[in-house]
Amino acid sequence: MRFTRMRTAKATAAALVAIPLALGGLASQSHARDASPSPSGTFGPGCAALAQKANTAKDKVVVAAAAYPQLSQLVSATVRARLNDALDGKPDVTIFAPNNQAFKKVNASQLASLLGNQEQLKKVLTYHVVNQQIAPDELSKGSFTTVEGSKLTTSGSGSKFKVNGKANIVCGNIKAANATIYVIDAVLHPPS
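The present account deals with the structure reproduced in this document.

## A look at the overall build of the protein
In terms of regular secondary structure, the protein is built from 7 helices and 7 strands. The secondary structure elements of the protein, listed N-terminal to C-terminal, are α-α-α-α-β-α-α-α-β-β-β-β-β-β. For the protein, the proportion of its 192 residues judged to be buried stands at 40%. Counting only contacts in the protein whose residues sit at least 6 apart along the sequence, the fraction spanning at least 24 positions is 64%.

So, in structure tokens, the structure goes:
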């Protein structure tokens, strides 16, 4: 009987200590959710739809992008502009990569004109590239100088971000050997 009382007393004491700890833990978790931290892995509503090979982290950026069928038009334009070697040769870059849907939003005659003018194509494509790897926690109020030379801005929180207030990041933080890729739903144009 005496052992039963001691076990009951210990269990009660443990419960009394555990309740405030549990409540404190819930309060901090609730606060963390309110703060809307940036994601640490791949994120975005379009990630599930991206068909890809298992791991692009060891591939240079153009090869990594080519693993995603949804980026085939970007890869084709990069090769046409003869930028693939230059991008693969850069040590640390971020690519805001327009998906095929983004290219479909461009007027057909404008797209044909762009693809037919290598210098203009280079200018537009290098506007999507930043000479540093950008982490998700830098996207909320970011301002970055592109390889083209103009500024590009990012905004948002949680896992919803925009580039230049126009393009949505549909899948972000994809790793390549020399790059971080953020798939976007619009083709960006450098300021005139």
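Further notes follow.
## A look at the nonpolar core
Core analysis: the biggest nonpolar cluster contains 35 residues, and Val61, Leu87, Ile95, Leu125, Ile174, Ile181 and Val183 have the highest contact counts within it. Among the elements of the structure, α2 (61–66), α3 (72–80), β1 (93–98), α5 (100–104), α6 (108–116), α7 (118–126), β6 (167–176) and β7 (179–184) are those that each provide at least two residues to this core. Not counting chain neighbours up to four residues away, the residues in contact with Ile174 comprise Thr42, Leu50, Thr56, Tyr68, Ala179, Thr180, Ile181 and Val183. Core analysis: the next-biggest nonpolar cluster, separate from the first, contains 16 residues, Phe43, Leu152, Ala167 and Tyr182 among them.

## Notes on the environment of Lys160
Its place among the elements puts Lys160 in strand β5 (residues 160–163). C-alpha of Lys160 to C-alpha of Gly44: the two residues are 116 residues apart in sequence and 7.0 Å apart in space.

## Concerning unusual backbone geometry
If you check the backbone angles, Arg82 has positive phi at about 60° while not being a glycine. Position of Arg82 among the secondary structure elements: in the loop between α3 and α4 (84–89).

## Looking at the side chain of Thr146
Inspection of the secondary structure assignment puts Thr146 in the loop between β3 (141–145) and β4 (151–157). In contact with Thr146, not counting residues within four places along its chain, are Thr126, Tyr127, Val129, Val130 and Leu152.

## With respect to the state of the cysteines
Within the structure shown, the criterion is met by 1 disulfide. A disulfide bridge connects Cys47 with Cys171, and the sulfur atoms are separated by 2.0 Å. Around the S-S axis, the bridge from Cys47 to Cys171 shows a dihedral of about 100° and counts as right-handed. Pair noted here: Cys47 is in the loop between α1 (2–35) and α2 and Cys171 is in strand β6, with a separation of 124 residues, a long-range link.

## As for the pattern of salt bridges
Evaluation of the coordinates by the stated rule reveals 1 salt bridge. In this structure, Glu148 and Lys123 form a salt bridge, with 3.3 Å as the shortest nitrogen-oxygen distance. In this pair, Glu148 is assigned in the loop between β3 and β4 and Lys123 in helix α7, connecting sequence segments 25 residues apart. For Lys123, a relative accessible area of 34% gives the class partly exposed.

## Examining the sheet that holds β5
Across the sheet, which stays open at both edges, the 7 strands sit in the order β2-β1-β7-β6-β5-β4-β3 with mixed pairing between neighbours. Two strands lie at the open edges of the sheet, namely β2 (129–130) and β3, each paired on one side alone. As paired strands, β3 and β4 are joined by 5 bridges and run antiparallel to one another. Its bridge partner lying in β4, Thr145 is registered against Lys151.

## Considering the side chain of Thr126
By the secondary structure assignment, Thr126 is in helix α7. In terms of polar contacts, Thr126 uses its side chain to reach the backbone carbonyl oxygen of Lys122, at 2.7 Å.

Procedures and definitions
Residues numbered from 1 in each chain as written. Predicted model: local features only at pLDDT ≥ 70, side-chain atom pairs only at ≥ 80, totals over all residues. Heavy atoms only, no water. Helix = DSSP H or I, 4+ residues; strand = E, 2+ residues; numbered from the N terminus. Buried < 20%, exposed > 50% of the residue type's maximum accessible area, 1.4 Å probe, protein only. Contact = heavy atoms within 4.5 Å. Core = buried A, V, L, I, M, F, W, Y, C linked by side-chain atoms within 4.5 Å. Disulfide = S-S within 2.5 Å. Salt bridge = Lys/Arg side-chain N within 4 Å of Asp/Glu carboxyl O. Pairing = 2+ DSSP bridges. Polar contact = N/O pair within 3.5 Å; in protein donor to acceptor, adjacent residues only side chain to side chain.

Functional significance is not addressed by these values, which are geometric in nature.
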